[in-house]
There are 2 protein chains.
Amino acid sequence: MYGAGDVRVETVADPTIQQPTDAIVRVVRACVCGSDLHPFHSMEQSDLGRPMGHELIGVVEEIGAAVGSLKKGDFVVAPFAFSDNTCAFCRDGFQTSCPHGGFYGSREVGGLQAEFARIPQADGSLVVVPDVDPGAADEKLLASLLTLSDVYLTGYHAAHMGRVGPGKVVTVIGDGAVGLSAVLAARQLGAEQIILMGRHRSRTDLGVEFGATEVVAERGEEGISRVMDLTRGEGSHVVLEAVGHMPAYEQAYGIVRPGGIISRVGVPQYEEAPIGFGSLFGKNATLTGGPAPVRAYMEPAIRQVLTGEIDPGRVFDRVVGIDEVPAGYAAMDAREALNVMVKM
Amino acid sequence: MYGAGDVRVETVADPTIQQPTDAIVRVVRACVCGSDLHPFHSMEQSDLGRPMGHELIGVVEEIGAAVGSLKKGDFVVAPFAFSDNTCAFCRDGFQTSCPHGGFYGSREVGGLQAEFARIPQADGSLVVVPDVDPGAADEKLLASLLTLSDVYLTGYHAAHMGRVGPGKVVTVIGDGAVGLSAVLAARQLGAEQIILMGRHRSRTDLGVEFGATEVVAERGEEGISRVMDLTRGEGSHVVLEAVGHMPAYEQAYGIVRPGGIISRVGVPQYEEAPIGFGSLFGKNATLTGGPAPVRAYMEPAIRQVLTGEIDPGRVFDRVVGIDEVPAGYAAMDAREALNVMVKM
């Protein structure tokens, strides 16, 4: 990406092993993320450009000398952040804070919307999908595995941090791919009632298939009233905020029940916000969430996808080849596509 | 209180039963709360004045027709907020959000720095202390029971909401009576390391007796560095914020470990504050806390006080008669006294 709206497909040198802990992966599927739309809207024009993408499933092509858990030919999922998976924070389950980890999309690390990718900290980052041949696998299975790289497990992280469980009333704010994933995760975790706030009918329809029990299309004060009505005036035990803009946060503290939890996974596009007596404190509301440590949830999620227990890949409603990636960005930006998969 | 610095002791009509759910209590001990100092600093002068106080232990004098769990002569603790203790929010353990409950210190409900008090929702609010004759009881026992009305159980609430437990590194910000209570509560809940941030030596000394393993007198960036050094650069699993001013909150997110919890019980003297990527979100920090539903924790705490397992009454370092209450405010304001008990 060279600036707002300016995505180009270019031929560059293949990545090579730089650290003995690296692996090189041949990308099978990548995708465009909702969060990629932030620079697509606002990035300053740049001569150097910025490599894009942070999600992939692929096949290990080469490993560094220190990599012990992988071999050439392994079919793997790459979490959207790399991490050593052995440090104190990783052991806590917060791999996105690993001091030896980091994020894709810099000049040093590269992006994953590519045919080949260098994965740092490969032992800690890549997770093998057992007994699947990506060349012969069902398209739906590949799509669902790809969501474990970010979107589904980001929704899952929201629900996990919000302590969703049986008997809980959960409201999901946002009908993007992460919001719909949060609906599916809340159902997995046993939520009793799942209210989805969103106004794009085709998306909320998928939300209902994923487990939403009610859809609220209204926003602002009107949306808050509707949710209060649907919860006997008590509010929502858990609010999963999958947007990142201030109005979504304001809705969240408007509908959270006393003692309830707001869990954010939409990257906040603000730094300061109300948290005093009138918003969070007065009703003992808890605010949680952050960049999802998807690595922490990976193995059980792979099993759920392989057994067909969950089908989060349904959020992908468009498939493009690598040359069509710029059109994929434009389609997501125009809301013509919910989530765009890139087939290499 | 008639305005900032203007506390008067006046003879008023005895309170009477107004609702069948009321009780009248003869006050044995009341106290001045750190939170009473906020209006002591800033209240606008008023002709009507405002009745003060929200903590007491006392003896039931009279009950309304609908009160079923109390009888004349019962020795009771009154939580600082009244509540029906039967509604959905009370059953959740968030009695401070009870729609039939409320707070003392209005013209309608009165204050508890008084010889007699009307307690609304008496069945839900008052908790009987079994087998204690307040006329013959040890002064230390009475002091500890009085802390259950607010200060100790507010510190406990901070620790409870912060999920303090064995193996946890806990930092308490603030060496006031609530902060010291939070230290004691964190020790009760099994914290491994308890760092107390405060710079009043006589207070932090009591904090050490309550269980603090280290004291950090520095503030701001220097205080943050000291705590990071004491936690191997990792930060604190739990931060209990018992001040309520912005610099304390800024310290809190500076020292909280990735995935950790900031639990606030100091009433925030701000509404907006940083919660975006650079403060909470980036490291998956959780923010929790609010007005303590002390009713939820009362029975086990009474047992712990009666058995001598905890001695939270040590926060009271001055006892005054009712005529000396204005001097008690002044002494707390000047930090000559940590917490002032009023003996009727």
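Here the structure is a predicted model, which means the values were calculated and not measured.

Draft legend 1. Summary view of the overall build of chain A. Counting secondary structure elements, chain A contains eleven helices and 16 strands. A compact globule built from 344 residues should have a C-alpha radius of gyration of about 20 Å, and chain A, at 20 Å, falls within 12% of that. For the C-alpha atoms alone, the extent of chain A along its principal axes is close to 60 × 40 × 40 Å. For chain A, the proportion of its 344 residues judged to be buried stands at 60%.

Draft legend 2. Inspection of the environment of Ile255(B) at higher detail. Residue and element names in this part refer to chain B. Locating Ile255 in the fold gives a position in helix H9 (residues 246-255). Judged by relative accessible area, Ile255 falls into the buried class, the value being 0%. For the pair Ile255 and Gly223, spaced 32 residues apart in the sequence, the C-alpha separation amounts to 9.0 Å. Sequence-distant contacts of Ile255, that is, excluding residues within four places in its chain, are made with Thr171, Ile173, Met197, Ile224, Val227, Met228, Gly235, Ser236 and Val239.

Draft legend 3. Up close: the UniProt feature "domain: Alcohol dehydrogenase-like C-terminal" (unreviewed entry) in chain A. Per the UniProt record, the feature "domain: Alcohol dehydrogenase-like C-terminal" (unreviewed entry) sits at residues 177-289 of chain A. Secondary structure content for residues 177-289 of chain A is 38% helix and 27% strand, and the end C-alpha separation is 17 Å.

Draft legend 4. Fine view of the interface of chain B and chain A. With 42 residues of chain B in contact, the opposing surface of chain A contributes 42 residues. Carbon and sulfur atoms supply 56% of the area buried between chain B and chain A, which totals about 3400 Å² over both sides. Taken as a group, Ile275(B), Phe281(B) and Asn284(B) account for 21% of the area that chain B buries against chain A, more than any other trio of residues on that side. Taken together, chain B and chain A are joined by two salt bridges. The salt bridge involving Arg257(A) is made with Asp92(B); its shortest N-O contact spans 2.8 Å. Our enumeration of links across chain B and chain A arrives at 24 residue pairs in polar contact (both at pLDDT 80 or more). Residues belonging to the side of chain B that touches chain A are distributed by class as follows: 20 nonpolar, 14 polar and eight charged. Relative to strand E13 (residues 272-274) of chain B, strand E13 (residues 272-274) of chain A runs antiparallel, the two being bridged by three bridges.

Draft legend 5. Looking closely at the side chain of His54(A). All names here are of chain A. Mapped onto the elements, His54 comes out in the loop between helix H1 (37-42) and strand E2 (56-63). For His54, a relative accessible area of 11% puts it in the buried group. Among the polar contacts made by the side chain of His54, one reaches the side chain of Glu55 at a distance of 3.4 Å. Among the polar contacts made by the side chain of His54, one reaches the side chain of Asp150 at a distance of 3.1 Å. Aside from chain neighbours lying at most four places away, what touches His54 is Cys33, Ser35, Asp36, Pro79, Phe80, Tyr104, Leu112, Ser149 and Asp150.

Draft legend 6. Looking closely at a negative patch on the surface. Taken together, Glu250(A), Glu271(A), Glu272(A), Glu250(B), Glu271(B) and Glu272(B) make up a surface patch of like negative charges. Take Glu250(A): it is sitting in helix H9 (residues 246-255).

Draft legend 7. Broad picture of the domain arrangement of chain A. Residue and element names in this part refer to chain A. Considered domain by domain, chain A is made up of domain 1 (23-150 + 293-343) and domain 2 (155-289). Each of domain 1 and domain 2 has a C-alpha centre, and these two points are 26 Å apart. Of the roughly 1400 Å² buried at the junction of domain 1 and domain 2 (both faces included), carbon and sulfur atoms supply 62%. Looking at the side of domain 1 facing domain 2, the largest losses of area belong to Tyr297, Arg314 and Leu338, adding up to 38% of the total buried there. Counting every contact that joins domain 1 to domain 2 gives one salt bridge. As a salt-bridge pair, Arg314 and Glu209 come within 2.3 Å of each other at their nearest N and O atoms.

Draft legend 8. Just the environment of Ala217(B), in detail. All names here are of chain B. With respect to the element layout, Ala217 can be found in the loop between strand E10 (214-216) and helix H8 (220-230). Each C-alpha atom, one on Ala217 and one on Ala13, is 47 Å from the other, the two residues being 204 residues apart in sequence. Residues in contact with Ala217, not counting those within four places in the same chain, are Gly198 and Arg199.

Draft legend 9. Structural view of the packing of helix H8 (residues 220-230) of chain A against H9(A). Residues and elements named next belong to chain A. Closest axis-to-axis distance for the H8/H9 pair is 9 Å, and the angle between their directions is 30 degrees. Considering how the two elements wind past one another, H8 and H9 form a crossing that is right-handed. The residues of H9 that touch H8, namely those facing Gly220, Ile224, Val227 and Met228, are Glu250, Gln251, Gly254 and Ile255. Looking at the contact of H8 with H9 residue by residue, the class counts come to four nonpolar, three polar and one charged.

Draft legend 10. Layout of the relation of the copies chain B and chain A. Here chain B sits on chain A after a turn of 180 degrees about the axis and a move of 0.0 Å along it, with an RMSD of 0.0 Å. Interpreted geometrically, this transformation is the action of a two-fold axis. Considering only C-alpha atoms, the part of chain B nearest the rotation axis is Leu287(B), at 2.5 Å. Of the interface residues in chain B, 100% have counterparts in chain A that sit at the interface too, so the contact is made through matching surfaces.

Draft legend 11. Looking closely at the pattern of salt bridges. Residue and element names in this part refer to chain B. For the structure on display, the rule yields 29 salt bridges over all chains. Note that Glu139 is salt-bridged to Arg29, the shortest N-O span being 2.6 Å. Taken as a pair, Glu139 in helix H4 (residues 139-147) and Arg29 in strand E1 (residues 23-32) lie far apart in primary sequence, 110 residues in all. Classification of Arg29 as buried rests on a relative accessible area of 5%.

Draft legend 12. How the structure looks around the pairing of strand E14 (residues 286-289) of chain B. Residue and element names in this part refer to chain B. Residue alternation in E14 divides its side chains into two sets, Thr286 and Thr288 and Leu287 and Gly289, and both sets are buried. By the bridge criterion, four bridges tie strand E12 (residues 256-264) to E14 in an arrangement that is parallel. Paired with Arg264 across the strands is Gly289, a residue of E14.

Draft legend 13. Local environment of the pairing of strand E15 (residues 318-321) of chain A. Sheet analysis places E15(A) next to strand E16 (residues 340-343) of chain A, joined by four bridges and oriented parallel. What sits directly across from Val319(A), in E16(A), is Met341(A).

Calculation criteria
Residues numbered from 1 in each chain as written. Chains lettered and ligands numbered in written order. Predicted model: local features only at pLDDT ≥ 70, side-chain atom pairs only at ≥ 80, totals over all residues. Heavy atoms only, no water. Helix = DSSP H or I, 4+ residues; strand = E, 2+ residues; numbered from the N terminus. Rg over C-alpha atoms; globule rule 2.2 N^0.38 Å. Buried < 20%, exposed > 50% of the residue type's maximum accessible area, 1.4 Å probe, protein only. Contact = heavy atoms within 4.5 Å. UniProt positions renumbered as here; feature names shortened; annotations may be inferred. Buried area = accessible area lost by both parts, 1.4 Å probe. Salt bridge = Lys/Arg side-chain N within 4 Å of Asp/Glu carboxyl O. Polar contact = N/O pair within 3.5 Å; in protein donor to acceptor, adjacent residues only side chain to side chain. Nonpolar A, V, L, I, M, F, W, Y, C, P; charged D, E, K, R; others polar. Pairing = 2+ DSSP bridges. Patch = residues over 30% accessible without salt bridge, like charges linked within 9 Å, V, L, I, M, F, W, Y side chains within 5 Å. Areas by Shrake-Rupley, 256 points an atom, 1.4 Å probe, with all protein chains shown as cover. Lys, Arg positive; Asp, Glu negative; His and termini not counted. Charge placed at Lys NZ, Arg CZ, Asp CG, Glu CD. Domains from an automatic or database assignment. Axes fitted to C-alpha atoms, helices over the stretch in contact; angles between N-to-C directions. Left-handed = near helix turned anticlockwise from the far one by under 90°. Least-squares fit on C-alpha atoms with pLDDT ≥ 70 in both.

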